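Next come the chains, spelled out residue by residue.
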Amino acid sequence: MEEHHVDIHYKGLRNIAYMTISNITVLGSGVMGHGIAQVSATAGYNIVLRDIKQEFLDKAMEKIRWSLDKMVSKQKITQQEADSIYSRITPMVDLAESVKDAHLVIEVVPEIMELKKKVYAELDAVAGTDVIFASNTSTLPITEIANTTSRPDKFIGIHFFNPPQLMKLVEIIPGQKTSNETVNITQNYVNSVKKQAVMCRRDVPGFIINRLFIPMVHEACYIKDRTGATLEEIDSTVKFKMGFPMGIFELADFTGMDVIHKATTEMYLRDKKVIRPHVEIEKMFNEKKLGQKSGEGFYKYSDDKYERVVLSEELADKCNPIQLVANILNNAAWLITNKASDMEEIEKAARLGLGLQKPLFETGKNIGFQDIVNELNSLAKQNGQFYEPDPLLVSMQ
């Protein structure tokens, strides 16, 4: 096992600390959990994959084996490497046993605050005092969870994207009491598993990616109501005029309405200004129209294979993207104004996390910031303060 030396910048003093992280426990063996376990084992870490039932673990290990076999067949790794990676992952049900030798625990349990707090109460009681806790939450506040433990300084958010084996981006979110040392160790770990980190410097609802993406899904629904544009026309303008890899409704179906509804609820609960929920999302969630995974969301799907919706530049010309651009840029500007991020990090996050082929602020510049601010002011007059332009956008006119 190679040692991962950590270069720590602590309270302004730079010194080399030899904290060796070699043992990682991943709590939760679902899609994200077993993906993070595989990625970490591939980087040379010893992994304990923990879940509450053996059958969950058996299923997860099968999926890891399948994924590694696929990489062997594509000649990305050798059979020997695949066997070595697989052997570094130990499935385990007993919580205390699973964290006995851990240096870092990555928690990947469902996005339910009470469940997370319950897991951390159990974990805090059995883990060694030096163990760092990292939550893979995509929307829940890090500080609130951290404060339920005895080690808020050793608690951090580490948000991988689905699927972890392929997605390059990881958001790192320090809580209010997270130490510089914990931040540096986490950054070092992310680099070591060949991922690119973006730092959300403040524990704000939605962090960076969900703060850009989730409100945009709702705004697209409002645009459909306001303009009478079809799903395909709106999706075409998102793809061809905003540089997204697919349309916003298509992306929502791909993500899952359960995920979007949960993120919406959590974000809206904590900040009414971040999101203007459209009734359609909750309705689809209640009707189990979850998107691709259930066979129907905004679009209908005939089987398990991912079908692309037919979009075109011709359809894109029928829908003006200005209100969608205004929505995503207003949230991006909010992140900068509130010192949660900066323009460079936001563009990096959008490129790696949303697959944007064109920088957000470049799209804004092409449309014209004055027109965008005017559009937001006009929407605010009709629909209230949610649309009020951020001071940064106003200053860019």
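## With respect to the overall build of the chain
Item 1. Scanning the chain for helices and strands turns up 18 helices and 10 strands.
Item 2. Its C-alpha atoms give the chain a radius of gyration of 22 Å, near enough to 21 Å, the size a compact globule of 397 residues would have.
Item 3. By principal-axis analysis of the C-alpha atoms, the chain measures approximately 60 × 50 × 35 Å.
Item 4. Sequence separation of 24 or more characterises 71% of the internal contacts of the chain that already satisfy a separation of 6 or more.
Item 5. Surface exposure of the chain reaches about 17800 Å², of which carbon and sulfur atoms provide 51%.
Item 6. Of the side chains in the chain, 47 bear a positive and 53 a negative charge, and the two mean positions are spaced by 1 Å.

## What about the pairing of strand E6 (residues 104-107)?
Item 1. Neither face of E6 is exposed, since Leu 104 and Ile 106 on one face and Val 105 and Glu 107 on the opposite face are all buried.
Item 2. Where strand E3 (residues 23-27) meets E6, 4 bridges bridge the pair, whose relative direction is parallel. Bridge pairing in E6 links Val 26 to Ile 106.
Item 3. As paired elements, E6 and strand E7 (residues 132-135) share 4 bridges and run parallel to each other. Bridge pairing in E7 links Val 105 to Phe 133.
Item 4. Read from E6 through helix H5 (residues 113-126) to E7, the crossover connection turns out right-handed.

## Points about the packing of aromatic side chains
Item 1. Summed over the entire model, instances satisfying the criterion amount to 6 aromatic pairs.
Item 2. For the ring pair Tyr 120 and Phe 133, a centre distance of 5.8 Å and an interplane angle of 35° mean the geometry is tilted. Placement of Tyr 120 in helix H5 and of Phe 133 in strand E7 is noted, with a sequence separation of 13 residues between them.
Item 3. You can call Tyr 120 buried: its relative accessible area is 0%.
Item 4. On the basis of relative accessible area, Phe 133 is assigned to the buried category, the value being 0%.
Item 5. Ring geometry for Phe 160 versus Tyr 189: centroids 6.5 Å apart, planes at 65°, classification edge-to-face. Placement of Phe 160 in strand E8 (residues 155-160) and of Tyr 189 in helix H7 (residues 180-192) is noted, with a sequence separation of 29 residues between them.

## Quick look at unusual backbone geometry
Item 1. A cis geometry characterises the amide bond from Asn 162 onward to Pro 163, with omega recorded as -5°.
Item 2. If you trace the backbone, Pro 163 turns up in the loop between E8 and strand E9 (169-174).
Item 3. The backbone of Gln 75 sits at a positive phi, close to 60°, despite the residue not being glycine.
Item 4. The phi dihedral of Lys 339 is positive, around 55°, even though this residue is not glycine.

## Observations regarding the environment of Asn 23
Item 1. Locating Asn 23 in the fold gives a position in strand E3.
Item 2. Considering only alpha carbons, one finds Asn 23 and Ala 102, 79 residues apart in sequence, at a separation of 5.0 Å.
Item 3. In contact with Asn 23, not counting residues within four places along its chain, are Asn 46, Asp 101, Ala 102, His 103 and Leu 104.
Item 4. At a separation of 2.9 Å, a polar atom in the side chain of Asn 23 contacts the side chain of Asn 46.
Item 5. Here Asp 101 takes part through its backbone oxygen, which lies 3.0 Å from a polar atom of the side chain of Asn 23.

## Concerning the sheet that holds E8
Item 1. Spatially, 8 strands are ordered E5-E4-E3-E6-E7-E8-E9-E10 in an open sheet, and the strand pairing comes out mixed. The open sheet terminates on both sides in strands that have one partner only, identified here as strand E5 (89-92) and strand E10 (196-199). Averaged over neighbouring strand pairs, the angle between their axes works out to 25° when direction is ignored.
Item 2. By the bridge criterion, 4 bridges tie strand E4 (residues 46-50) to E5 in an arrangement that is parallel. Its bridge partner lying in E5, Val 48 is registered against Thr 90.

## Examining the confidence of the model for the chain
Item 1. Per-residue confidence for the chain gives a mean pLDDT of 93; residues scoring 70 or more make up 94%.
Item 2. Taken together, the stretch residues 1-18 has pLDDT below 50 and engages in 38 contacts with residues farther than four places along the chain or on a different chain.

## A closer look at the pattern of salt bridges
Item 1. A full pass over the atoms with the stated rule returns 20 salt bridges.
Item 2. Bridged by salt links that share partners, the residues Lys 117, Glu 144, Lys 262, Glu 266 and Arg 270 form one connected network.

Cut-offs and rules
- Residues numbered from 1 in each chain as written.
- Predicted model: local features only at pLDDT ≥ 70, side-chain atom pairs only at ≥ 80, totals over all residues.
- Heavy atoms only, no water.
- Helix = DSSP H or I, 4+ residues; strand = E, 2+ residues; numbered from the N terminus.
- Rg over C-alpha atoms; globule rule 2.2 N^0.38 Å.
- Contact = heavy atoms within 4.5 Å.
- Areas by Shrake-Rupley, 256 points an atom, 1.4 Å probe, with all protein chains shown as cover.
- Lys, Arg positive; Asp, Glu negative; His and termini not counted.
- Charge placed at Lys NZ, Arg CZ, Asp CG, Glu CD.
- Buried < 20%, exposed > 50% of the residue type's maximum accessible area, 1.4 Å probe, protein only.
- Pairing = 2+ DSSP bridges.
- Right-handed = clockwise from strand over helix to strand, strands pointing away.
- Phe/Tyr/Trp six-rings, centres within 6.5 Å; stacked < 30°, edge-to-face > 60°.
- Polar contact = N/O pair within 3.5 Å; in protein donor to acceptor, adjacent residues only side chain to side chain.
- Axes fitted to C-alpha atoms, helices over the stretch in contact; angles between N-to-C directions.
- pLDDT = per-residue confidence, 0-100.
- Salt bridge = Lys/Arg side-chain N within 4 Å of Asp/Glu carboxyl O.

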